[in-house]
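Take a look at the letters that make up each chain.
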Protein chains: 2
Amino acid sequence: MADYTPPIRDMQFVLHDVLDVATAEIPGYEELERDFTAAVLEEAGKISAALLAPLNAAGDAQGCRLENGTVTTPEGFRDAYARIREGGWIGLDADPDYGGQGMPYLLGTAVGEMFVSANMALNMYQGLTHGAYSAIHAHGSPEQKALYLPRLVSGEWSGTMNLTEPQCGTDLGLIRTKAEPQEDGSYRITGQKIWISGGEHDLTDNIIHLVLAKIPGGPEGTKGISLFIVPKFLPDADGNPGARNGVTCGGLEHKMGIHGNATCVMHYDGATGFLVGKEHAGLRAMFTMMNEARIGVGLQGYAMAAAAQQQAASFARERLQGRAIGRPAAPDRPADPIIVHPDVRRNLMVQKAFVEGARAFAFWGASLIDRAARNDDAEAEALVSLLTPVIKGFLTDKGFETAVAAQQTFGGSGYVREWGVEQMVRDARIAMIYEGTNGIQALDLVGRKLGQEGGAAVRAFFAEVEAAIAGAKGGPLEDEYAAPLRAALSDMQAAAGYFLKRAAQNPEDALAGAHDFMHLFGHVALGLMWLRLAQAARRGLDAGAADATFLEAKLATGRYYMARELPATALHRARIEAGGASVMALPAEAF
Amino acid sequence: MADYTPPIRDMQFVLHDVLDVATAEIPGYEELERDFTAAVLEEAGKISAALLAPLNAAGDAQGCRLENGTVTTPEGFRDAYARIREGGWIGLDADPDYGGQGMPYLLGTAVGEMFVSANMALNMYQGLTHGAYSAIHAHGSPEQKALYLPRLVSGEWSGTMNLTEPQCGTDLGLIRTKAEPQEDGSYRITGQKIWISGGEHDLTDNIIHLVLAKIPGGPEGTKGISLFIVPKFLPDADGNPGARNGVTCGGLEHKMGIHGNATCVMHYDGATGFLVGKEHAGLRAMFTMMNEARIGVGLQGYAMAAAAQQQAASFARERLQGRAIGRPAAPDRPADPIIVHPDVRRNLMVQKAFVEGARAFAFWGASLIDRAARNDDAEAEALVSLLTPVIKGFLTDKGFETAVAAQQTFGGSGYVREWGVEQMVRDARIAMIYEGTNGIQALDLVGRKLGQEGGAAVRAFFAEVEAAIAGAKGGPLEDEYAAPLRAALSDMQAAAGYFLKRAAQNPEDALAGAHDFMHLFGHVALGLMWLRLAQAARRGLDAGAADATFLEAKLATGRYYMARELPATALHRARIEAGGASVMALPAEAF
């Protein structure tokens, strides 16, 4: 079974030395002093390492069980969830008006990374609950807020998102679930939803389903979708779980991973539902939940990579095979640890450079969400909206790739269950798929976000990168960091220019390059992060910081990223500029 | 459950239109007329589709069971194996002196692809048996050959490879299993071996273990390793299974995939073993088996990708979501098939271009093995020895990546078991690890093969590529195929030059780039294949071939590879030329 070591030192470095949160002039951030965040992260780290991680492998092996309509989660999940709830972690960044702690989203992100790294399947119950909270908080009526939010925030009740039906995943216009208005103002919900994470389980007293459905007679397609609250138990007059509602779990999916999370087929048989927001405005309301979920899934991508990476590094330090070139590193032992071998080292650098760059990227994104919400900053809002598909798509593609790389470090041990890393690979795989496949993220990025308001957001991103490059001019980071970042940025600008020129005349050219642009963007973002990480490390070293080894490692890892990962932008640019003709050439039957 | 469609048309194209086998002047190839290979492939295809593929998902779900030392394979495996055996497939390319059919290795490769695509776990029992046959055929005594080969060739008995021990995987010098000489000329074998594929099962009457062990008093390290035959049942005077030998299965591994194959912990408790070849010459003998196994594993890599690709293409043609840009492709249906969407198409092209290029590469490699063996051609031998780590490493890395890409085409369905593709991903993953991890392949390529005989083999490969480029000069394939291949070749030559210059002064620079060189090499090899495939398609079209659609698709797929995949060589070159400093900079404890 894999131990988990909370990366608190690294998180503190990003929060304080890179983002300088305490002086960021975002309301609430003034509380985020070094000692305060350390205390929160250490507490969350303890829970992750001592409570969540030990349940992870057993949760995978046992999975969830459906009997007589009741789902039993793996042994220990119920107690662990209760402790998470009692610790107030579910409402960490929720509105204090409803019992939340009102902490910044950024702090929730840092805590979330550890919870996911330790036990992704278990953390999903909490993540969906948070999403339901956010959707009702943004779009619910005052009565709905008063009834549901405190119970979601406390974790007494949990939440779900119900979008997919057998005939409709990405294309929500095809939804068939119907919502018939009743005289009392409620709706009768009838239909089948599939792939509902946490649709039924034994962790909470009630489950609040947020369900997309169509009111008969409404507009065709996505314009006729409304959002409903469908509680498993209808709250009674006191707000306690009352009558059983007409919603049941009809089956559990057998999945590649996240076995500890119940993925349910849900039957709505004339269940009572309550409209959230206006009729036919459901998609917009659900997008509040989806955007949050997408950033949360991006976090899962790199958090699983982080978990796998630390396992790989510790395996590579301990496993003895072969000898270092030149002279033995451990002459008194039968062989050297495999970390001496250049290709093992290369693979570990791939992992480390991604995980630390991705963490900085996710934290930066979270800080933009706080800035947008707490400062009512429209530019920050536009920027994070642009970054959201990159955070989701790039961090989950690369996160999975990194988990696979970590598995490779283990050799044969990586393929057998007892070492734990193969589970991380299986768990990480879903993040590339759900909450909009990464193809949909790429489409959202290139087809929608990139050109919004004349490309204002992407120009703001370019300006951030250019400012960072300019800040490094003439300094010790110019050649090895700023120069490669400048080359990568120029690839990105050329690619964006290509799209802007082509999009109107040949949209297929742009869309055939969307996946590559998402990755190109991700690399430039991580390049920017590594320049900032290096600048922070440099400042620390210049100031004579005590932890010089830690800071030197940051500089070396950044150099690796700049020299060996960032040049991928040229390949993505070449593919984009190759256009869509070769992608679209074949007739469907030729595949 | 996933159906399987044998890709016979594609195989025939490679065999006859690209490799022109019937006139290749390799003894035995003159039999390989179009009709003959079609008949063999169709028969193997039928077995794959009707017998093997239907057992694949159930085999994964059931796995193998160990009870009282006996392993039970999944339902149906025993009967299917009997039918494979009765059909003479196990000895397809084996020596007729021992009951084999004496067919070229190339034909075995084509058949093997289909068997693996249909059911990799089941095919492994056969693959290891073939490996044991080859090792005994090359290194056994006349008596050993007479006793074991006919029974391995017929499939009556099966074989295994026993290298790994808990403390020793890659580094075989650490082997502890000991072999004590007995008065009757046999040896007493004592020790534990792990990860033994097919170490115990119920498919055959006897299992012939090939075991590496050390004779006490011999040289240290790998120079003191000998190879032994250790039968599960000691053959009696008539060659029938007699007394039970002291070798038992102590446990089964719980793995990520290939659940239908029994991966065993084997205990040797003073088992009777028979020396193969000379004392202390075991590693060389085992390498006969390993080299064959490595090519077989490369085949697994692309065969799993091929299986996944055809599933993805058929899913994309049938799944309805969204509408094509411009006008609907299926206006009478609620949505268009997802194959209309550019990013879905891009992903399908990634898969198709890899699979078809890889098949040509594997077939070419197999034809070189035949040329080396049947024409006693040392140059072909040197070339295929150089290509072996590329076939193993590149085709399994990319094969897994391609299976993951195919899974992505399925969206959420790709993550649930019933669609079958997630199993293909789990099964494909092992191929990057076993028979020498891909890191070891890269090391073998750069550290050993590249510089052999002053780089003669790689120069021969360069000459092949240059000849193909020259052959395209002035023709219709010059701009879109030959020019990008020329650029890729120049990246490869620069990288090889970098290694030759650096290897002596700083071996870490070379070894830190080994993985990238293996991939660079693989891309150039597939680029060469696509030029040849395109040339063959062009010839067919010019000759007015009836299947113009098929040939046009080859040209379009090749154009895709050249425009969007082959440019990866520049990235690999950039990484290689970045040197090893950033890879090796960190102290071990900084990871």
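*Asks:* Is there a simple way to think about the overall build of chain A in this case?
*Replies:* Along its length, chain A carries 19 helices and 11 strands. Against the 2.2 N^0.38 benchmark of 25 Å for 591 residues, chain A shows a C-alpha radius of gyration of 24 Å, consistent with a compact globule. Seen along its three principal axes, the alpha-carbon backbone of chain A occupies a region of about 80 × 60 × 55 Å. With 591 residues in all, chain A has 64% of them scored as buried. Roughly 20,300 Å² of accessible area belongs to chain A as shown, and the carbon and sulfur atoms make up 50% of that amount.

*Asks:* Hey, could you run me through the pairing of strand 9 (residues 241-244) of chain B in this one?
*Replies:* The side chains of a regular strand alternate, residue by residue, between the two faces of the sheet. Residue and element names in this part refer to chain B. For strand 8 (residues 233-235) and strand 9, the ladder comprises 2 bridges, and the chain directions are antiparallel. Its bridge partner being in strand 9, Phe 233 is matched across the sheet by Arg 244. Counting the residues between successive antiparallel strands, the hairpin from strand 8 to strand 9 contains 5 residues, one of them, Gly 239, with a positive phi of roughly 85 degrees.

*Asks:* I tried to follow the domain arrangement of chain A on my own but got confused; where do I start?
*Replies:* You'll often see interface size given as the accessible area lost when the parts meet. Residue and element names in this part refer to chain A. As assigned here, chain A comprises domain 1 (8-139), domain 2 (159-280) and domain 3 (442-582). Taken over C-alpha atoms, the centre of domain 1 sits 30 Å from the centre of domain 3. Domain 1 puts 6 residues into the contact, and the matching count from domain 3 is 9 residues. Of the roughly 600 Å² buried between domain 1 and domain 3 on both sides combined, carbon and sulfur atoms contribute 67%. For the domain 1 face of the interface with domain 3, the top three residues by lost area are Arg 9, Phe 13 and Val 18, together amounting to 71%. Counting the contacts that link domain 1 with domain 3 gives 2 salt bridges. Asp 10 is the partner of Lys 554 in a salt bridge, and the nearest nitrogen-oxygen pair spans 2.7 Å. At the junction of domain 1 and domain 3, the tally comes to 3 residue pairs in polar contact (both at pLDDT 80 or more). Tallied by class, the residues present in the side of domain 1 that touches domain 3 amount to 3 nonpolar, no polar and 3 charged.

*Asks:* Any chance you could explain the interface of chain B and chain A here in plain terms?
*Replies:* Each partner contributes to the interface: chain B provides 86 residues, whereas chain A provides 86 residues. When chain B packs against chain A, the two sides together hide about 7,400 Å² of surface, and 62% of this comes from carbon and sulfur. Of all residues in chain B, Tyr 415, Arg 564 and Phe 591 of chain B bury the most surface against chain A, accounting for 13% of the area lost on that side. Applying the counting criterion to the chain B and chain A interface returns 4 salt bridges. Arg 564 of chain B is the partner of Asp 516 of chain A in a salt bridge, and the nearest nitrogen-oxygen pair spans 3.4 Å. The interface formed by chain B and chain A contains 46 residue pairs in polar contact (both at pLDDT 80 or more). No other element matches helix 17 (residues 548-565) of chain B, which puts 8 residues into the side of chain B that touches chain A. Of the residues assigned to the side of chain B that touches chain A, the class counts are 43 nonpolar, 21 polar and 22 charged.

*Asks:* Looking at this model, I keep getting lost on the pairing of strand 6 (residues 206-214) of chain B. Mind explaining?
*Replies:* Residue and element names in this part refer to chain B. Among the 9 residues of strand 6, 9 are classified as buried, and the element is accordingly described as predominantly covered. Residue alternation in strand 6 divides its side chains into two sets, Asn 206, Ile 208, Leu 210, Leu 212 and Lys 214 and Ile 207, His 209, Val 211 and Ala 213, and both sets are buried. Pairing between strand 3 (residues 157-162) and strand 6: 6 bridges, direction parallel. Its bridge partner lying in strand 6, Ser 158 is registered against Ile 207. Where strand 6 meets strand 7 (residues 225-231), 7 bridges bridge the pair, whose relative direction is antiparallel. If you follow Leu 212 over to strand 7, its bridge partner there is Leu 227.

*Asks:* Would you explain the side chain of Arg 564 of chain A in this entry?
*Replies:* On the secondary structure map, Arg 564 of chain A appears in helix 17 (residues 548-565). With relative accessibility at 1%, the residue Arg 564 of chain A sits in the buried group. There is a polar contact of 2.9 Å between the side chain of Arg 564 of chain A and the backbone oxygen of Gly 579 of chain B.

*Asks:* Any chance you could explain the environment of Ala 118 of chain A here in plain terms?
*Replies:* Turning to its location among the elements, Ala 118 of chain A is positioned in helix 5 (residues 105-118). Once residues lying within four places of it in the same chain are set aside, the contact partners of Ala 118 of chain A are Tyr 4, Ser 48, Leu 52, Ala 53 and Asn 56 of chain A.

*Asks:* Where do I start with the environment of Ala 44 of chain A in this structure?
*Replies:* Residue and element names in this part refer to chain A. Structurally, the position occupied by Ala 44 is in helix 2 (residues 34-52). Classification of Ala 44 as buried rests on a relative accessible area of 0%. Between the C-alpha atoms of Ala 44 and Leu 252, which are 208 residues apart in sequence, the distance is 31 Å. Leave out the neighbours within four places in its chain, and Ala 44 touches Trp 89, Val 111, Met 114 and Phe 115.

*Asks:* Any chance you could explain the relation of the copies chain B and chain A here in plain terms?
*Replies:* Applying a rotation about an axis and a shift along it to one chain copy brings it onto the other copy. Superposing chain B onto chain A takes a rotation of 180 degrees plus a shift of 0.0 Å along the axis, which leaves an RMSD of 0.0 Å. Classification of the inter-copy transformation places it as that of a two-fold axis. Residue Leu 571 of chain B, judged by its C-alpha, is the member of chain B lying nearest the rotation axis, at 3.3 Å. A share of 100% of interface residues in chain B that are also interface residues in chain A marks the association as one of identical surfaces.

*Asks:* Help me understand the packing of helix 13 (residues 456-471) of chain B against helix 14 (residues 478-505) of chain B, please; the structure alone is not making it clear to me.
*Replies:* Helix packing for two helices is described by the angle between their axes and how far apart those axes are. Residues and elements named next belong to chain B. Interaxial distance between helix 13 and helix 14 falls to 10 Å at its minimum, and their mutual angle equals 160 degrees. When the axis of helix 13 is compared with that of helix 14, the two are roughly antiparallel. Crossing hand, helix 13 versus helix 14: left-handed. For the pair helix 13 and helix 14, contact is made by Val 458, Phe 461, Phe 462, Val 465, Glu 466 and Ile 469 and by Ala 482, Leu 485, Arg 486, Leu 489, Met 492, Gln 493 and Ala 496, respectively. Of the residues that constitute the contact of helix 13 with helix 14, the class distribution is 10 nonpolar, 1 polar and 2 charged.

*Asks:* Is there a simple way to think about the layout of surface pockets in this case?
*Replies:* Empty space among the atoms becomes apparent when a probe as large as a water molecule is rolled across them. Taken as a whole, the second largest pocket encloses approximately 910 Å³ of empty space. Around the second largest pocket, the lining is made up of 43 residues, and of these Gln 310, Gln 311, Ala 313, Ser 314 and Arg 317 of chain B lie nearest the centre. Among the elements of the structure, strand 5 (187-197) of chain A together with helix 1 (8-18), helix 8 (282-318), helix 9 (342-374) and helix 17 of chain B are those that each provide at least two residues to the lining of the second largest pocket. The greatest single-element share of the lining of the second largest pocket, amounting to 10 residues, is contributed by helix 8 of chain B. In terms of residue class, the lining of the second largest pocket is built from 21 nonpolar, 8 polar and 14 charged.

*Asks:* Explain the packing of helix 6 (residues 120-139) of chain A against helix 7 (residues 142-153) of chain A here, please?
*Replies:* Residues and elements named next belong to chain A. Interaxial distance between helix 6 and helix 7 falls to 10 Å at its minimum, and their mutual angle equals 160 degrees. Here helix 7 runs roughly antiparallel to helix 6, going by the angle between their axes. Classified by chirality, the crossing of helix 7 by helix 6 is left-handed. Contacts from Thr 129, Ala 132, Tyr 133, Ile 136 and His 137 in helix 6 reach Gln 144, Lys 145, Tyr 148, Leu 149, Leu 152 and Val 153 in helix 7. Looking at the contact of helix 6 with helix 7, its residues break down into 7 nonpolar, 3 polar and 1 charged.

*Asks:* Whenever I open this one, the confidence of the model for chain A confuses me. Can you help?
*Replies:* Predicted confidence across chain A gives a mean pLDDT of 96, with 100% of residues reaching 70 or more. Our summary of model confidence lists the complex with pTM equal to 0.98 and ipTM equal to 0.97.

*Asks:* Even after reading the chapter, I still don't get the pattern of salt bridges, so can you show me in this structure?
*Replies:* Pairing between side chains of opposite charge can happen when the charged atoms of each approach one another. Residues and elements named next belong to chain A. Tallying each qualifying case throughout the model produces 56 salt bridges over all chains. Of the charged contacts in the structure, one is a salt bridge between Asp 60 and Arg 426, with a shortest N-O distance of 2.8 Å. Remark: Arg 426 occurs in helix 11 (residues 421-429) and Asp 60 occurs in helix 3 (residues 56-62); sequence separation between them is 366 residues. Classification of Asp 60 by relative accessible area gives buried; the value is 8%. Owing to a relative accessible area of 4%, Arg 426 belongs among the buried residues under this scheme.

*Asks:* I keep staring at unusual backbone geometry and nothing clicks. Help me out?
*Replies:* A negative phi angle is the norm for most residues apart from glycine, just as the trans form is the norm for most peptide bonds. Residue and element names in this part refer to chain B. Even without a glycine there, the phi angle at His 280 is positive, about 65 degrees. A positive phi is found at Glu 435, a non-glycine position, where the angle reads about 55 degrees. Within the secondary structure, Glu 435 sits in the loop between helix 11 (421-429) and helix 12 (438-449). For Glu 435, a relative accessible area of 17% puts it in the buried group.

*Asks:* How should I be thinking about the packing of aromatic side chains in this particular structure?
*Replies:* How two aromatic rings sit relative to each other is set out by the distance from centre to centre and by the angle between their planes. Following the criterion strictly, the structure yields 27 aromatic pairs over all chains and no others. Each ring, one from Phe 499 of chain A and one from Phe 517 of chain A, has its centre 5.2 Å from the other, and the planes form 80 degrees; the classification is edge-to-face. Of this pair, Phe 499 of chain A sits in helix 14 (residues 478-505) while Phe 517 of chain A sits in helix 16 (residues 514-542); the two residues are 18 residues apart in sequence, bridging distant segments of the chain. Like Phe 499 of chain A, the residue Phe 517 of chain A is buried in the burial classification. Following the ring pairs from residue to residue traces out a cluster consisting of Phe 361, Trp 364, Phe 461, Tyr 498, Phe 499, Phe 517 and Phe 521 of chain A. Lying over the aromatic face of Phe 550 of chain B, Arg 9 of chain B brings its terminal NZ or CZ to 3.9 Å of the ring centre. In this arrangement the basic side chain of Arg 151 of chain B is found over the ring face of Trp 157 of chain B, its NZ or CZ atom lying 5.3 Å from the centre.

Reading the values: rules and limits
- Residues numbered from 1 in each chain as written.
- Chains lettered and ligands numbered in written order.
- Predicted model: local features only at pLDDT ≥ 70, side-chain atom pairs only at ≥ 80, totals over all residues.
- Heavy atoms only, no water.
- Helix = DSSP H or I, 4+ residues; strand = E, 2+ residues; numbered from the N terminus.
- Rg over C-alpha atoms; globule rule 2.2 N^0.38 Å.
- Buried < 20%, exposed > 50% of the residue type's maximum accessible area, 1.4 Å probe, protein only.
- Areas by Shrake-Rupley, 256 points an atom, 1.4 Å probe, with all protein chains shown as cover.
- Pairing = 2+ DSSP bridges.
- Domains from an automatic or database assignment.
- Contact = heavy atoms within 4.5 Å.
- Buried area = accessible area lost by both parts, 1.4 Å probe.
- Salt bridge = Lys/Arg side-chain N within 4 Å of Asp/Glu carboxyl O.
- Polar contact = N/O pair within 3.5 Å; in protein donor to acceptor, adjacent residues only side chain to side chain.
- Nonpolar A, V, L, I, M, F, W, Y, C, P; charged D, E, K, R; others polar.
- Least-squares fit on C-alpha atoms with pLDDT ≥ 70 in both.
- Axes fitted to C-alpha atoms, helices over the stretch in contact; angles between N-to-C directions.
- Parallel < 35°, antiparallel > 145°, perpendicular 65-115°, else oblique.
- Left-handed = near helix turned anticlockwise from the far one by under 90°.
- 1 Å grid on protein atoms, 1.4 Å probe; cavity = no way out; pocket = protein on both sides within 12 Å on 5 of 7 lines; lining within 4 Å.
- Points joined across faces, edges and corners; volume = space filled by probe spheres on them.
- pLDDT = per-residue confidence, 0-100.
- Phe/Tyr/Trp six-rings, centres within 6.5 Å; stacked < 30°, edge-to-face > 60°.
- Lys NZ or Arg CZ within 6 Å of the ring centre and 35° of its normal.

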